[in-house]
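# Descriptive analysis of the structure
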Amino acid sequence: MNIALIIIIVIAIIVAIFSGLNAALHWLLWVALIIGVIALIAFLFRVISGRNRT
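The following paragraphs examine the structure supplied in this document. Values in this document were obtained by computation on a predicted structure and should not be read as measured data.

Each value, and the rule that gives it
Residues numbered from 1 in each chain as written. Predicted model: local features only at pLDDT ≥ 70, side-chain atom pairs only at ≥ 80, totals over all residues. Heavy atoms only, no water. Patch = residues over 30% accessible without salt bridge, like charges linked within 9 Å, V, L, I, M, F, W, Y side chains within 5 Å. Areas by Shrake-Rupley, 256 points an atom, 1.4 Å probe, with all protein chains shown as cover. Salt bridge = Lys/Arg side-chain N within 4 Å of Asp/Glu carboxyl O. Helix = DSSP H or I, 4+ residues; strand = E, 2+ residues; numbered from the N terminus. Polar contact = N/O pair within 3.5 Å; in protein donor to acceptor, adjacent residues only side chain to side chain. Buried < 20%, exposed > 50% of the residue type's maximum accessible area, 1.4 Å probe, protein only.

## With respect to a nonpolar patch on the surface
On the surface, Ile3, Ile6, Ile7, Val10, Ile11, Ile14 and Phe18 cluster together into a nonpolar patch covering about 640 Å² of accessible area. Its location among the elements puts Ile14 in helix 1 (residues 3–21).

In structure tokens:
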């Protein structure tokens, strides 16, 4: 797994937790969820395309 994807996923989880604690920063929760979904899609794409090439 790419180290950049791990960092993006961890940051997305941290932002999601902190935005959940503060109602004024509620929009950060949506940003974190979107970033997390993009990172998950990128990871799955790499895994699937990596298996097809070998």
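## Comments concerning the side chain of Ser49
With respect to the helices, strands and loops of the structure, Ser49 is situated in helix 2 (residues 26–53). A polar contact of 2.8 Å, which involves the side chain of Ser49, links it to the backbone oxygen of Phe45. Separated by 3.3 Å, the side chain of Ser49 and the backbone oxygen of Arg46 make a polar contact.

## Digging into the environment of Phe43
For Phe43, the location among the structural elements is in helix 2. The class of Phe43 is partly exposed, set by a relative accessible area of 23%. The spatial distance from the C-alpha of Phe43 to the C-alpha of Ile6 is 9.2 Å, given a sequence separation of 37 residues.

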